[in-house]
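The lines below spell out each chain.
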Amino acid sequence: QAGHFQLSIRTCFARFNFACRARTAPRVSTMAEKFVGIDLSVCNTVVSCSSKDEPSAVVVAVNDVSNRSTPAAVGFDGKMRLVGESAETRISQLPKQVVNALPAILGSTEAARANYARFGCLWNFTEEGRIGPMSFGDRDDLTLHPSSVLAPLLQTLVSYAAGDAVMGLKPGDEGSVQNFELAISTPDGWSDAELSALRGAIDILGWKPEMTHVLPYSAALATGYAARFGQKLGADEEKRVVVFVDIGYSQTSISVAKFMPPAADAETKELAVDASSCSDETLGTHAFCASLLQHVNKQIEGKGQEVVNLASKRGARLLTALQKSVKELSMLKDATLGLECFFSDEGDLKVELNRGQFEEVIKPNMDALVALVQRALTEAGVTAEEVHSVELVGGGMRIPRVQALLSEIFPSPKEEGEEEAAADSTGKAVSKRLRFSLDGASAVASGAAHYAAGRRGLKAKWDLSAQTSALGDDKALAECRELEAWMAQVNSEEQMRLAKGNELESYIFQVRNMLSGPDRALLKPETTEPLVEEASRWFEDAHYDQTTTLQVYEERLAGLRSALEEHGAAYYEKKTKEHDDKEKMLDAAAAAERQRRQDAGMDVDKDDRKMAKSERMKMATKNKEEGNSVFKAGNLEDAAARYQRALQHINKFYMLDLSPDEKAEADAVTLSIQLNLANVFLKIAATVEKDQGKEKAEEVYKKVKFATEEALKIDADNVKAKFRKASAMEKLGDLDGAVKEVKSALKTDPENADLVKLKEKFDKLQAAQNAKAKKIYGKMFG
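Cut-offs applied
- Residues numbered from 1 in each chain as written.
- Predicted model: local features only at pLDDT ≥ 70, side-chain atom pairs only at ≥ 80, totals over all residues.
- Heavy atoms only, no water.
- Helix = DSSP H or I, 4+ residues; strand = E, 2+ residues; numbered from the N terminus.
- Buried < 20%, exposed > 50% of the residue type's maximum accessible area, 1.4 Å probe, protein only.
- Phe/Tyr/Trp six-rings, centres within 6.5 Å; stacked < 30°, edge-to-face > 60°.
- Lys NZ or Arg CZ within 6 Å of the ring centre and 35° of its normal.
- Patch = residues over 30% accessible without salt bridge, like charges linked within 9 Å, V, L, I, M, F, W, Y side chains within 5 Å.
- Areas by Shrake-Rupley, 256 points an atom, 1.4 Å probe, with all protein chains shown as cover.
- Salt bridge = Lys/Arg side-chain N within 4 Å of Asp/Glu carboxyl O.
- Axes fitted to C-alpha atoms, helices over the stretch in contact; angles between N-to-C directions.
- Parallel < 35°, antiparallel > 145°, perpendicular 65-115°, else oblique.
- Left-handed = near helix turned anticlockwise from the far one by under 90°.
- Contact = heavy atoms within 4.5 Å.

Colleague: Where do I start with unusual backbone geometry in this structure?
Modeller: In most cases, non-glycine residues show a negative phi, while peptide bonds are predominantly trans. The residue after glycine 132, namely proline 133, is reached through a cis peptide bond having omega 5°. Along the chain, proline 133 falls in strand β10 (residues 131–136). The phi dihedral of serine 66 falls on the positive side, at around 65°, and the residue is not glycine. Examined against the element boundaries, serine 66 turns out to sit in the loop between β5 (59–60) and β6 (69–71). Assessed through its relative accessible area of 57%, serine 66 is described here as exposed.

The following block contains the structure:
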């Protein structure tokens, strides 16, 4: 029966039909400007989105520190409510105040407490299933419903895609308009309890339930897969059976999807899909780490040291190291797990690990995985031979043992005269039916974003608008909304207070630099230096005192500025004159250059207008957005020209006197433009190479390399820049340099599917080069 769940101790099974929309168009809100998809995972969440103008152009929305994934954590530090990255960084200092693994405790009280213990949570959790007591604002007894903690996490995640306006939406405010449609993808095994908690969070935020959709991971993957392949099958295909193996942090789901051509009378030409899934809510990379922890504890105990409990500060620290070791053992045969000053006597932890040990300790987990796959095939009514391909996603997709077991279940199709399949790092052949065509980290979120944008060739398994809220009655909802408004206000006021304190500190440093400059005497240092030093001493005490109000900071800053402007009037007069003289000189030079270009019949359209800083940045951003639009439309040359025009504005912006914040803004915009420019030049180069030959394309590939190098000057660890630089270097004949860039990028993002594929390509090219060289040397010296 569609939408029905059969639960067992370890697995759950769900079947649902993706019926092609034969007569009705997808129900998408006309108010939506953005379509947002969220992968609501226990450890890290991912957000993808598209716009109303281009609903099929789904991209990953980065968070406030430009990361593609955001920890599912909410923390409370004094008067600050921290979400995502900022909360995660506080766990070691404030373990009782940071709620991590949040999606895992949304279910029934019994299930929530079991997951609380399983993930080694350290924050307070009541017998009634409430979070707390927490210290926040002027309260030390703050106890929260899980929905009240989930609400700010969802709000923050959506803001990454739909903008800060999301933070200003107020329940019941007629002026608040929800301009986004949201689809949240969750584990297939979610029950009514989790859905009720999610509905409670949506109600607290005042979002429209009819514009919020919930779909299981398996449905999001099938939706994303169909979109990825253009809603088309091969010319000779009547049906394609695809198995999705999603090995996440907390759970594993195996779904079997049968893609079929749309019905003849269908209004849209999207594929029809029949899909089913099985999931194990206890099998995931966390379970692998837990198994490895048992092995490490045996090593520790054998050395006479105390074993580590996961639910402790040391346990949390060790878990992070174990996750890193699992990643390393997926790429290398050996790894060293090392933590300095780990034990109570300040002793270090060092355990040598190898892949054989790891595969031995996770054997029960692998047996469970094989059983889950077999069950999924049985429930779907298909055999392994009928499966076209197996798509791997999630954190466990790169583990060699996982790939080896799946290769045994789904071996490569045997074709006459075909050579043996390539072997993986274990020496065993990896089946050609194993695919990594979906981005393992963002596939679920991107599928959800496609669903939000109207790609709904399926019968919804869950209907949030018909779901009962876990909050119960209207009175409980009103109390939760009032509490949310208070927490948001306390946090906002604290952020403004701290920002003003930072502004005062920055001004003190600025004045100190002025007093160290050549015009020091004009500031009357005998008068102003004591003022600055007194302000500095006051600030050193005040910024540790939470009773220092925003108003006090404002008064202190205004007073110091007024005193400096009064006593240093001659200094400011001189600086103003120097600025005006410089502007006149630039204007004169620009006029002369304009005349020279006009006389020579050169580029008379070059922009050298005099603009304020804000206007110059606005023009740069405008040109960048124009470049994005024409790039998406396929006009590559026009896109490159607009990006380069944006850089002209940015370069002029850099020539002005910039504050640290203004320079940071310019750096961020420049980084984005250079990355986009490199991407455009890569596509142009590929076209030139195809039409005019490799030699002509080299000049364009050099432009790619230059753009990425400029990007790396701003962000030395930028993965996109290194990926695109490596792609260009390989085309320019520098394969060793390209390999070096890819390896460097993999240290930053070891699970990046594109990087892994590029490394595999380069490894094959190097192997071919080595074989060719060996053959040549053999002829020379043989």
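Colleague: Whenever I open this one, the packing of aromatic side chains confuses me. Can you help?
Modeller: Each aromatic ring pair is summarised here by two numbers: the centre-to-centre distance and the angle between the ring planes. Taken as a whole and judged by the stated rule, the model has 13 aromatic pairs. Between phenylalanine 119 and tyrosine 249 the ring centres are 6.0 Å apart and the planes differ by 20°, which places this aromatic pair in the stacked class. Taken together, the residues phenylalanine 119 in the loop between α2 (109–118) and β10 and tyrosine 249 in the loop between β14 (240–247) and β15 (252–260) connect sequence positions 130 residues apart. Neither phenylalanine 119 nor tyrosine 249 differs from the other in exposure class; each is buried. Seen in terms of ring centroids, phenylalanine 136 and tryptophan 486 are 5.5 Å apart; in terms of plane orientation they differ by 85°. Their pairing is edge-to-face. One end of the pair, phenylalanine 136, is in strand β10; the other, tryptophan 486, is in helix α12 (residues 474–515), and 350 residues separate them in sequence. In this structure an aromatic cluster arises from ring pairing among Phe76, Phe136 and Trp486. The ring of tyrosine 116 has arginine 113 sitting right over it, with the charged end atom 5.9 Å from the ring centre. Directly above the ring of tyrosine 507 sits arginine 561, whose terminal nitrogen or CZ lies 5.0 Å from the centroid.

Colleague: Sorry if this is basic, but what is going on with a nonpolar patch on the surface here?
Modeller: Taken together, the side chains of Met585, Leu586 and Met655 define a hydrophobic patch exposed on the protein surface, amounting to about 290 Å² of accessible area. Relative to the elements of secondary structure, methionine 655 occurs in the loop between α17 (636–654) and α18 (660–692).

Colleague: Quick question: what am I supposed to make of the packing of α12 against helix α13 (residues 525–542) here?
Modeller: In a pair of packed helices, the angle between the axes and the distance between the axes together describe the arrangement. With their axes 10 Å apart at the nearest point, α12 and α13 run at an angle of 150° to one another. In this view, α12 runs roughly antiparallel relative to α13, as classed from their interaxial angle. Crossing geometry of α12 relative to α13 is assigned as left-handed. Residue-level contacts link Gly501, Leu504, Glu505, Ile508, Val511, Arg512 and Leu515 of α12 to Pro525, Thr528, Glu529, Val532, Glu533, Ala535, Ser536, Trp538 and Phe539 of α13.

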